[in-house]
Amino acid sequence: MSSDGTVSIEDVTQTGPGTLAGRYLRSFWQPVLEAPELKPERALPVRIMGQDFTLFRGESGAAHLVDPRCAHRGTQLSTGWVEGDSIRCFYHGWRYDGSSGECVEQPAEDSRFAAKVRIRSYPTQEYLGFIFAYLGDGEPPALPRYPEFEDFDGVLELESYRRHCNYFQNLENALDMSHVAFVHHDNSESFRTIGFGARLQADESAWGITYAATREDGAVRINQLGMPNIFHMNALPTDREIGWQESLFWWVPVDDDAHIQFSLHRLPVKGEAAERFRRRRTERCSRMDLAHAEVCDQILAGKLSLADVDPTRVDIIRLQDDIAQVGQGRTADRRHEHLGRGDAGLILIRKLWLRELRALNDGLPLTVWTRPAGLAPTTWRPPAKERQPVAG
C-alpha cells in the first residue's frame, strides 16, 4: 500500500502475512499439497504465501498443519517424529497435538507447564486428491465443492508444479486468450483468429469472471474464473485420442516470486481407452527428464532457443507458458504497460481484485462469491441460432 493509504496493483502481488492480498487469499481455502505426497506418519515443511508450516499425516490418516517451529528452542518441527496425531520435536522431544497445537509433553520438564504452551494449528480437509488448508483467522467457510469432479466415471489426474514468478501473472494469463495463437502456436487447436480483441469478452459473474472468445465462424469458447485464484476451463489437447480436457486450476503463492499451480484434470474416457491413455501418459512422463525452470532460464538468458528443445522431454505447453510469464520478470512491473482490447480479461480481474482489497482495507463488506450449479466451461460452441434443439 502506498504512503497515502491508496491500494494499487502492487498490493495484489504481495501476499505475505499482514499484506492486503495475503489477508484476502487467507480468507479462502487453499490447496497446499497433493494428498498422495504426504505419506502416513511423515512430516513435511511447506511454504505458502511467504509463511512456513509443518504438514504431517497422523496415524489416524488425518493431515495436520501447524506452525513450523517448536515453541521451546525454535527448531524445525518437520524433522521430528509423528506419534499418533501429534508431532514430537527432534531437539528436546516436546510433543504437540496436531488438531489444537497444544504442547502435551515436555520430557525434561515433567510436562509441568506444557498446557500453557501452544503453537498455532490450521484447519485442513482432503478433497479431490488435494490437502486444502484454511490459513485465515476465525471460523473457516465451507470448503467449496465441485460435484462434477466427484465420483467421476472416467480418468481424474492430479498435477502440481512450481513456477518461478508471481502467482498473479499466471492468473492474468488464464484470462488472456490472445496469447494462445502465439505462445502455443504449434498446437493444432490454437486458432490464430481468436487473438483479435473484439472477439474477446469478460463479464463479472456470481463466481468471478465469465471469459468468452469467439471465432470467425461464430463458435464461442467459454472459461470460468472463480475468485480469488481458481480457474475452470477446457484445456488445449495434449493427447489426440482424448482431445480437450476439463480442468480446475488453483494458483497459490509460495512467496511473491514463485507460486504453485495445482491442477485437476477430468478426462471423459474409460475402459480400454483409459488404459491406453494411462500407458501413453506413463511413457510420456518417463521421457520428460528436462527441468522446466532450468530450460526456461536458459532460453530467457539467450543460451537456448525453444526450437532447440525436444518437445518429448518436457511438457511443451507448460514450458511455453513458463517462458511467457517468467519472461515478464519474477514479479511483473505493470507501470509501463500499454493495454488494449485483447486485455479485457486481465483488466477485469485487476478491477475485481482492487475492489475487494480496497473494501478489505476500509473495513467494508467483501463480495460473497458463489458458484451457481451448472456453471461450466465450453470448448467451441456454435452460435445459438445454429444449435440443434435437444430432444426429450
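Here, the structure is the one placed above.
The shown structure was predicted, so the numbers you read here are calculated from the model rather than taken from an experiment.

Turning our eyes to something else, we now look at the sheet that holds strand β6 (residues 86-88). Ordered by their spatial adjacency, four strands build an open sheet running β5-β6-β7-β8, and the pairing between neighbours is antiparallel. Single-partner strands in this sheet number two, and they are β5 (81-83) and β8 (103-105). Along the sheet, successive strands turn relative to each other by an average axial angle of 35 degrees, direction set aside. By the bridge criterion, three bridges tie β5 to β6 in an arrangement that is antiparallel. Considered in β6, the bridge of V82 is made with I87.

With eight of eight residues buried, helix α3 (residues 167-174) is to be regarded as a mostly interior element. The backbone nitrogen of F168 has a side-chain oxygen 3.0 Å away, supplied by the residue at the start of α3, namely N166.

Our next topic: the packing of aromatic side chains. A full pass over the atoms with the stated rule returns 16 aromatic pairs. With 5.6 Å between their ring centres and 25 degrees between their planes, W81 and F90 make a pair best called stacked. Aromatic pair F231 and W251: ring centres 6.0 Å apart, planes at 35 degrees, arrangement tilted. Of this pair, F231 sits in strand β16 (residues 230-235) while W251 sits in strand β17 (residues 245-255), placing them 20 residues apart in sequence. Taking the relative accessible area as the measure of exposure, F231 reaches 1% and is therefore buried. Following the ring pairs from residue to residue traces out a cluster consisting of Y24, F28, Y167, F168 and W353.

Alternating positions in strand β4 (residues 63-66) separate into two faces, A63 and L65 on one and H64 and V66 on the other, with burial throughout. As paired elements, strand β3 (residues 51-57) and β4 share four bridges and run antiparallel to each other. Its bridge partner lying in β4, L55 is registered against L65. Linking β3 to β4, which pair antiparallel, is a turn of five residues; within it G61 sits at a positive phi near 95 degrees. Examined bridge by bridge, β4 and strand β9 (residues 121-122) share two bridges and lie antiparallel to one another. Bridge pairing links V66 to S121 in β9.

Thresholds, definitions, all that
Residues numbered from 1 in each chain as written. Predicted model: local features only at pLDDT ≥ 70, side-chain atom pairs only at ≥ 80, totals over all residues. Heavy atoms only, no water. Pairing = 2+ DSSP bridges. Helix = DSSP H or I, 4+ residues; strand = E, 2+ residues; numbered from the N terminus. Axes fitted to C-alpha atoms, helices over the stretch in contact; angles between N-to-C directions. Buried < 20%, exposed > 50% of the residue type's maximum accessible area, 1.4 Å probe, protein only. Polar contact = N/O pair within 3.5 Å; in protein donor to acceptor, adjacent residues only side chain to side chain. Phe/Tyr/Trp six-rings, centres within 6.5 Å; stacked < 30°, edge-to-face > 60°.

Without other data, these values stay purely geometric and don't point to any function.
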